[in-house]
Amino acid sequence: MDTSKYLNMILSAPCFSLEYDGKSAFLKVDSSETMGEKHITQYTLDDSLKITREVTFYPEHHALRWVLWLENPSDRESRIVANLRDCDVMLPISGDFTKGEV
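Residues numbered from 1 in each chain as written. Predicted model: local features only at pLDDT ≥ 70, side-chain atom pairs only at ≥ 80, totals over all residues. Heavy atoms only, no water.

(A) Up close: the nonpolar core. Phe 16, Leu 18, Leu 27, Leu 45, Ile 51 and Trp 66 are the most contacted members of the largest nonpolar core, which has 15 residues in total. Sorting the residues of this core by element identifies helix H1 (3-11), strand S1 (17-20), strand S5 (50-58) and strand S6 (63-71) as the ones contributing at least two each. (Core = buried A, V, L, I, M, F, W, Y, C linked by side-chain atoms within 4.5 Å. Buried < 20%, exposed > 50% of the residue type's maximum accessible area, 1.4 Å probe, protein only. Helix = DSSP H or I, 4+ residues; strand = E, 2+ residues; numbered from the N terminus.)

(B) Spatial organisation of the pattern of salt bridges. Per the stated rule, a full pass over the model turns up five salt bridges. A salt bridge links Glu 71 to Lys 50, with the nearest nitrogen and oxygen atoms 3.3 Å apart. Of this pair, Glu 71 sits in strand S6 while Lys 50 sits in strand S5, and the two are 21 residues apart along the sequence. Take Glu 71: its relative accessible area is 39%, and that puts it in the partly exposed class. Taking the shortest distance from any N to any O, the salt bridge between Arg 65 and Glu 54 comes out at 2.9 Å. With Arg 65 in strand S6 and Glu 54 in strand S5, the pair connects residues that are eleven residues apart, well separated along the chain. (Salt bridge = Lys/Arg side-chain N within 4 Å of Asp/Glu carboxyl O.)

(C) Representation of the pairing of strand S4 (residues 38-44) within the structure. Burial analysis of S4 places five of its seven residues in the buried class, the great majority of the element. Hairpin connection between strand S3 (residues 28-35) and S4: a loop of two residues separates the two successive antiparallel strands, and Gly 36 in this loop has a positive phi of roughly 65 degrees. By the bridge criterion, seven bridges tie S4 to S5 in an arrangement that is antiparallel. The residue bridging Thr 41 from the neighbouring strand is Arg 53, located in S5. Hairpin connection, S4 to S5: the antiparallel pair is bridged by five residues, and Ser 48 has positive phi, about 80 degrees. (Pairing = 2+ DSSP bridges.)

Take a look at the structure:
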């Protein structure tokens, strides 16, 4: 499996979704940084709710570490975050999980 192809796909879009104040959230990229195998992207929503996505790739294991942080840096209360899908992706997987053939 060519994992670099999937890593590029994942890094090119937020690949997470949520509802904010009852509506699908529109995310704006504030910054993006790559340090070796670690990729950090920061997004904001309309009222300054900040979301940081950190993706670390472990090529020797064909694995990713995926972490989201949500932060409200403003002095006002944030709206309700609901239906957070922190890794909203579809990847092709072949083999049989029950037999360890992935």
